[in-house]
Amino acid sequence: MVENTVELIGFIAESPDCYHAVNAAKKKLDENGFKQLFEEKEWDISRGGKYYVIRNFSSIIAFCMPEREYDRFMICASHTDSPSFKLKPDFETESGGMIKIGVEGYGGMIMSTWMDRPLSVSGRVVTLEDGKLETCLVNIDRDLLVIPSLAVHMNREANKGYEFNIARDMCPIAGGKSGALMDIIANAANLDKDKIKGFDLSLYNRMRGTLLGISNEYFSAPRIDDLQCVYTTLEGFLKCGISDNVTVFAAFDNEEVGSGTKQGAKSGFLRDTLERINEESGKSGSEYKRSIAKSFMLSCDNAHAVHPNHVDKSDGLNRVYMNGGVVIKYNANQRYTTDAVSESVVKYICEKAGVPYQMYANRSDMPGGSTLGNLSNEKVSLNTADIGLAQLAMHSSYETAGSRDTSIMIDFAKEFYGSKIAI
């Protein structure tokens, strides 16, 4: 069952940031005969067709049209971004005889996990020439930077708890001379440095993912949250093929900072796409609303596995384990969308797919995080469940999860996309 996880590790290596994650998904869709549509152009959609649309290079929605008349959408949504450090517009300064890189935190990362390990830079750069904007993806594929920790001799409290300050503690060193890093970025993009007018660049951990455990039952890698869900729902979507539903794979950017961007789950991206599918299918606005009422969405984002050294941090009953299967996430205050109806649907799909499931809730005195399901529902109100897979060290620069769960989620997603559920 670990073969899919080996492929997932490769997918993660291709995806050092949200832009490359979307590009890796795009490559898989292209290989499977999907046609790219563009929001600023007219769409020509036919029955049995396979399409995708990208917004901001960092969010993607793909869909398959059924061969005959449809009456619902089946949607899996995940997110492409992960906590990191983004380069500031002016990022170079000299300090202690070295070139230091100015960064700003993106999302809520475990800062200590970024120190004393090889890092590099990836993202996108934008050029403007003759009134035309061009975007180019950049990945400096080499060990380039490091964030050095302070020696214990200079910080005797290091092992007693330390509050990191991004501006002081988390700036990587680059070596070289002033301007050298921008030269490397331009060379990686095959561009003249003077033509670069803007960039969205961030640090990434260079350590490649690996299987581990006595029987390879675990794997560790950067960005498991949420690329494991991106990869598994995409694979399930592709394996399902054409069904009686409009099947939709969605992966949004900016979940880690609240999704409130033009390309986030809180934007109109999903709504706009579904409405255009409806319009191109010759359906009325009333038919669209009826289709939405029959549709179902899975908000797919990983959950916290029981930590063997901190078992007390998990709820006494509703705790989940790596390799325990699909996690159904519940919260009384609806930070997760799961309710009795959507919970029942997920359990039904798991039973049809022959895969295990487990229930997750936070310890009652410890509020958990939220995810993209409720935010997406602000624009497209759907029956929705929040699900994921169990993992450890969420928001570390190097996380750990169950290697068997990858195949489980693929089988589940495939069954979900092919199901027709009457609610």
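Just above, that's the structure.
Calculation criteria
Residues numbered from 1 in each chain as written. Predicted model: local features only at pLDDT ≥ 70, side-chain atom pairs only at ≥ 80, totals over all residues. Heavy atoms only, no water. Axes fitted to C-alpha atoms, helices over the stretch in contact; angles between N-to-C directions. Helix = DSSP H or I, 4+ residues; strand = E, 2+ residues; numbered from the N terminus. Parallel < 35°, antiparallel > 145°, perpendicular 65-115°, else oblique. Left-handed = near helix turned anticlockwise from the far one by under 90°. Contact = heavy atoms within 4.5 Å. Nonpolar A, V, L, I, M, F, W, Y, C, P; charged D, E, K, R; others polar. Pairing = 2+ DSSP bridges. Buried < 20%, exposed > 50% of the residue type's maximum accessible area, 1.4 Å probe, protein only. Polar contact = N/O pair within 3.5 Å; in protein donor to acceptor, adjacent residues only side chain to side chain. Salt bridge = Lys/Arg side-chain N within 4 Å of Asp/Glu carboxyl O.

Visitor: So what's going on with the packing of helix H1 (residues 3-13) against helix H5 (residues 224-240)? Which residues, and what values?
Guide: It is the contact of H1 with H5, at a shortest axis distance of 10 Å, that shows an interaxial angle of 120°. The angle between the axes of H1 and H5 places the two elements in the oblique class. H5 is crossed by H1, and the crossing has right-handed handedness. Counted together, Asn4, Glu7, Leu8, Phe11 and Ile12 of H1 and Ile224, Leu227, Gln228, Val230 and Tyr231 of H5 form the full contact between these two elements. Looking at side-chain class alone, the contact of H1 with H5 contains seven nonpolar, two polar and one charged residues.

Visitor: Outline the sheet that holds strand E17 (residues 383-388), listing residues and values.
Guide: Here nine strands make up an open sheet; going across it, the order is E1-E2-E3-E12-E4-E13-E17-E15-E16 and the pairing mixed. Sheet topology places strand E1 (35-37) and strand E16 (357-360) at the edges, where each strand pairs with a single neighbour. When the angles between neighbouring strand axes are averaged without regard to direction, this sheet yields 25°. Against the sheet, helix H2 (residues 18-31) touches E1, strand E2 (50-55) and strand E3 (59-64), its axis set at about 20° to E3.

Visitor: Can you explain the side chain of lysine 283? Please cite residues and give values.
Guide: On the secondary structure map, lysine 283 appears in the loop between helix H6 (269-280) and helix H7 (285-294). Overall, lysine 283 belongs to the buried group, its relative accessible area being 13%. Looking at lysine 283, its side chain comes within polar contact range of the main-chain oxygen of tyrosine 70, at 3.2 Å. Contacts of lysine 283, omitting those with residues within four sequence positions, involve Glu69, Tyr70 and Asn278.

Visitor: Now, about the pattern of salt bridges: what can you tell me, with residues and values included?
Guide: Counted under the stated rule, the structure contains 22 salt bridges. One salt bridge in this structure joins glutamate 129 and lysine 195, with 3.7 Å as the shortest N-O distance. A residue pair is termed long-range when its members are at least 10 positions apart, and glutamate 129 in strand E7 (residues 119-129) and lysine 195 in the loop between helix H4 (180-188) and strand E9 (196-205) qualify at 66 residues. Between aspartate 272 and arginine 271 there is a salt bridge whose closest N-O contact spans 3.4 Å. Given a relative accessible area of 28%, arginine 271 falls into the partly exposed group. Each of the salt bridges in this network shares a partner with another, and the network as a whole consists of Glu39, Arg55, Arg271 and Asp272.

Visitor: Which residues make up the pairing of E3, and what values do they have?
Guide: Of all six residues that make up E3, six are buried, and the element is covered over most of its length. Residues Ser59, Ile61 and Phe63 point to one face of E3 and Ile60, Ala62 and Cys64 to the other, with burial holding for every one of them. Sheet analysis places E2 next to E3, joined by six bridges and oriented antiparallel. The residue of E3 that forms the bridge with tyrosine 51 is phenylalanine 63. The antiparallel hairpin formed by E2 and E3 contains three residues in its connecting segment, where asparagine 56 sits at a positive phi of about 65°. In the sheet, E3 pairs with strand E12 (residues 246-252) via five bridges, with the strands oriented antiparallel. Looking across to E12, one finds that isoleucine 60 is bridged to alanine 251.

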